[in-house]
Every structure is written in C-alpha cells, then in structure tokens.
Amino acid sequence: MDLHGKVAVVTGSGRGLGLAYARALAAAGARVVVNDVDAEAVDAAVASITSAGGEAVGAVAAVGDSAAADLLTDTAVREFGRLDVLVTNAGILRDRVLWKMTDDDFDAVVEVHLRGTFTCARAAAVRMREQGEGGRIVLISSPAGQRGNFGQTNYAAAKAGIVAMARTWAMELARAGITVNAVVPVAATEMTRTIPAFAPVIEEAERTGAPLPGWLRRDEGLGTVEDVAGLITFLASDSSKDVTGQAIGIGGDRLALWSHPSEKAVVFRDGGWSADAIAERWHETVGAEPETYGIPAPKAPEA
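Now for a quick tour of the structure. As the structure is a prediction and not an experimental result, all values here were calculated from the model.

1. Focus on the sheet that holds strand β4 (residues 85-88)
Where strands meet in a sheet, backbone hydrogen bonds hold them as pairs that are either parallel or antiparallel.
Consideration 1: Read from one edge to the other, the open sheet built from 8 strands follows the order β3-β2-β1-β4-β5-β6-β7-β8, with strand pairing classed as mixed. With partners counted over all chains shown, the strands left at the sheet margins are β3 (55-60) and β8 (254-257), one partner each. Going across the sheet, the axis of each strand differs from the next one's by a mean of 20 degrees, ignoring polarity.
Consideration 2: Inspection of the sheet shows strand β2 (residues 31-36) paired to β3 by 6 bridges, in the parallel sense. Across the sheet, residue Val32 finds its bridge partner in β3, namely Ala56.

2. Remarks on helix α6 (residues 153-172)
Consideration 1: With 20 residues, α6 should cover 28 Å at 1.5 Å per step; its first-to-last C-alpha distance of 28 Å lies within 8% of that length.
Consideration 2: Where α6 is buried, its residues meet α4 (103-131), β5 (135-140), α5 (143-147), β6 (178-185) and β7 (247-251).

3. Looking at α4
Consideration 1: An ideal rise of 1.5 Å per residue puts 42 Å on 29 residues; α4 measures up with 40 Å between its terminal C-alpha atoms.
Consideration 2: The largest bend in α4 comes to about 40 degrees, at Glu111.
Consideration 3: Two residues or fewer after α4 comes Gly132, characterised by a positive phi angle close to 70 degrees.

4. A few points about the side chain of Thr88
Consideration 1: Relative to the assigned elements, Thr88 resides in strand β4.
Consideration 2: Overall, the relative accessible area of 3% leaves Thr88 in the buried class.
Consideration 3: The residues touching Thr88, leaving out its near neighbours within four places in the chain, are Thr11, Thr117, Cys120, Val138, Leu139 and Ile140.

5. Focus on a nonpolar patch on the surface
Consideration 1: On the surface, Trp273, Ile278 and Trp282 cluster together to form a nonpolar patch covering roughly 290 Å² of accessible area.
Consideration 2: Mapped onto the fold, Ile278 is located in helix α10 (residues 275-281).
Consideration 3: The exposure class of Ile278 is partly exposed, given its relative accessible area of 38%.

6. Here we look at the packing of helix α3 (residues 66-80) against α4
Consideration 1: Following both chains from N to C, one finds α3 and α4 inclined at 40 degrees, their axes separated by 8 Å at the closest point. Put simply, α3 runs oblique to α4. Regarding α3 and α4, the two cross each other, and that crossing is right-handed. Where α3 approaches α4, its residues Ser66, Ala69, Asp70, Leu72, Thr73 and Val77 are matched on the opposing element by Thr119, Cys120, Arg122, Ala123, Ala124 and Arg127.
Consideration 2: Residue composition of the contact of α3 with α4, grouped by class: 6 nonpolar, 3 polar and 3 charged.

7. Examining the side chain of Asn154
Consideration 1: Topologically, Asn154 is positioned in helix α6.
Consideration 2: Given the relative accessible area of 0%, Asn154 is considered buried.
Consideration 3: Among all residues touching Asn154, those that are not within four sequence positions of it are Arg94, Met101, Asp105, Phe106, Val109 and Val110.

8. Some remarks on the pattern of salt bridges
Where charged atoms from two side chains of opposite charge approach closely, those side chains can pair.
Consideration 1: If you walk through the whole model with that rule in mind, you get 14 salt bridges.
Consideration 2: Note that Arg78 and Glu79 form a salt bridge whose closest N and O atoms lie 3.4 Å from each other.
Consideration 3: Looking at Glu79, the relative accessible area reads 41%, which means it is partly exposed.
Consideration 4: A single network of salt bridges, built from pairs that share partners, joins Arg15, Asp36 and Asp38.

Definitions and limits used
Residues numbered from 1 in each chain as written. Predicted model: local features only at pLDDT ≥ 70, side-chain atom pairs only at ≥ 80, totals over all residues. Heavy atoms only, no water. Pairing = 2+ DSSP bridges. Helix = DSSP H or I, 4+ residues; strand = E, 2+ residues; numbered from the N terminus. Axes fitted to C-alpha atoms, helices over the stretch in contact; angles between N-to-C directions. Expected span 1.5 Å × (residues − 1). Contact = heavy atoms within 4.5 Å. Bend = angle between axes of the 7 residues up to and from the residue. Buried < 20%, exposed > 50% of the residue type's maximum accessible area, 1.4 Å probe, protein only. Patch = residues over 30% accessible without salt bridge, like charges linked within 9 Å, V, L, I, M, F, W, Y side chains within 5 Å. Areas by Shrake-Rupley, 256 points an atom, 1.4 Å probe, with all protein chains shown as cover. Salt bridge = Lys/Arg side-chain N within 4 Å of Asp/Glu carboxyl O. Parallel < 35°, antiparallel > 145°, perpendicular 65-115°, else oblique. Left-handed = near helix turned anticlockwise from the far one by under 90°. Nonpolar A, V, L, I, M, F, W, Y, C, P; charged D, E, K, R; others polar.

And the structure:
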C-alpha cells in the first residue's frame, strides 16, 4: 500500500493501538502527526517512526475541545503542507456501574471520545474541503459501542455515537470525496489485559514471545495491535475510495463488517397498538426472538 504524498493525523498515538496506526501509516509512506497528552510518549513515538525511515512530528494536546483539534490540523498543514487522513483514536476509561458512575466519570469519557472525535473530524473536514482533493476520516469505535458492556455506560455510549457520526458524515462529505468509516478493533492492549479470560494468555505470550493461540486470534478475533493497523492503512489509501459509512471490525485473524441497525421483525394491527394488545401479542410476534446484548464472555477451548 502506497501512501506517499499523504499527510495523516493520528490522535492518541503515543502508545498502544494509536502508535501502531501511526507507524503503519508512516511505513506506507505517509507523513504523520503524532498526538498524545503525554509529551514523553509523543517524543518516543516520533523517534521510533523517524528511526525507521518515516516522517513524523509531534503535537501534545488533550483531545476534546476545538483548540486541540485546530492545533492538530494546523500542525499538519504547517509542517507538511496539507492534511489527507485523520484517525481519531484518543480515549480514556472511567469504568463504573451505573449507580456508582459520577458526572465527572461520564463527562470525562464523553469529552475525549465523542466530543474529541467531533471536533477533530470537523477541523479535518474543513481543511480537506478547502483542499478540494478528497480525504479519509477513520473513527475508532469499539465492540462496547456495538453491543454494550458492563460498567461502561460512558464508553459504550460514546463509541456507539462515533459509529452514528461516521454514517452521518459519510453522507455529508460524499460530494467532497471524503470517506468516513468507523473501525471496531480488538487487540491485546492495557484494556483487554483487564479481562480475566484474556489476561493469563496475553501475559504468557508476552513472557515467552510466542504468538497468541489460534483460538484467541480466530474465535475471539483478538491479536496484536499490529494486526489492526492494516485496516487503517487500507482505509487511508486510494484503494478504499468507494468504502464509506461502514463499521468494520478487525482483530487477530478476523476481519468483519458490522451490520447497521435495522428492523428485525415487524407486525401490524389495524387501528394501532394499545398496551394490552402489545402484551397479548409481544411474545408471538416481534418479541419471539429478542436481540442479545453485551459482549459475550470469551471461551477458551477445553483442554
């Protein structure tokens, strides 16, 4: 995949998935703006890219408000002359069950994930439309946003909103040749290390240097951060010019297209539906096969 001539901004790219995205884009030839709230992480990330022959500069900012978004876009234009690709990866966690989640817990996560995605995408869209040569906006979502997840009211809501924004912006930016897609990644990160079924397997792989087992890579779709980066590079490239408005899952050996919400079952009644009429027919009609919710617990193969 050849990204020479393109300039990319990757938010939250000082470590983890974001760093893998930035490295992959740079390896394909893109010039990259690395962003993180941690200045040392930014410096280290830029050094790792440039030492491998890539081009990168850093921009230290906490993603969320318009000032941070403008800083990232302005850095790309000032340092490299243009902006072609935006990857909105920055995020934080403040996990609590509903009755223990504070206003600050909720607001902090929504500020970074949802508002930060909005402000950065808006700034990028303005610049890309001015350039008049199209562009690529890649929004990072999560399985939690697709299915919900225990203890993650704030995170799941923000990630679901990100997919909704991708669908909306794909329509709004189509005439400008700007594609917008959401990526739903699953990888061995600090977050997945907290999942009891995953933690010992990930720790053993890191200790021995052995690859993650096949059942984890295929059945659970969980691999390394590098396994996710190929999709980001594809979506940043000219090869994906006809891919937009999609939610695409990737992890380990699995690549998937998430379905958009649609009516699963429909029933009609002349004159409409009273509460009693719904109660009488619910289980035999639209409620006969209710949807599942929550991320299924991983199942290791029996020994």
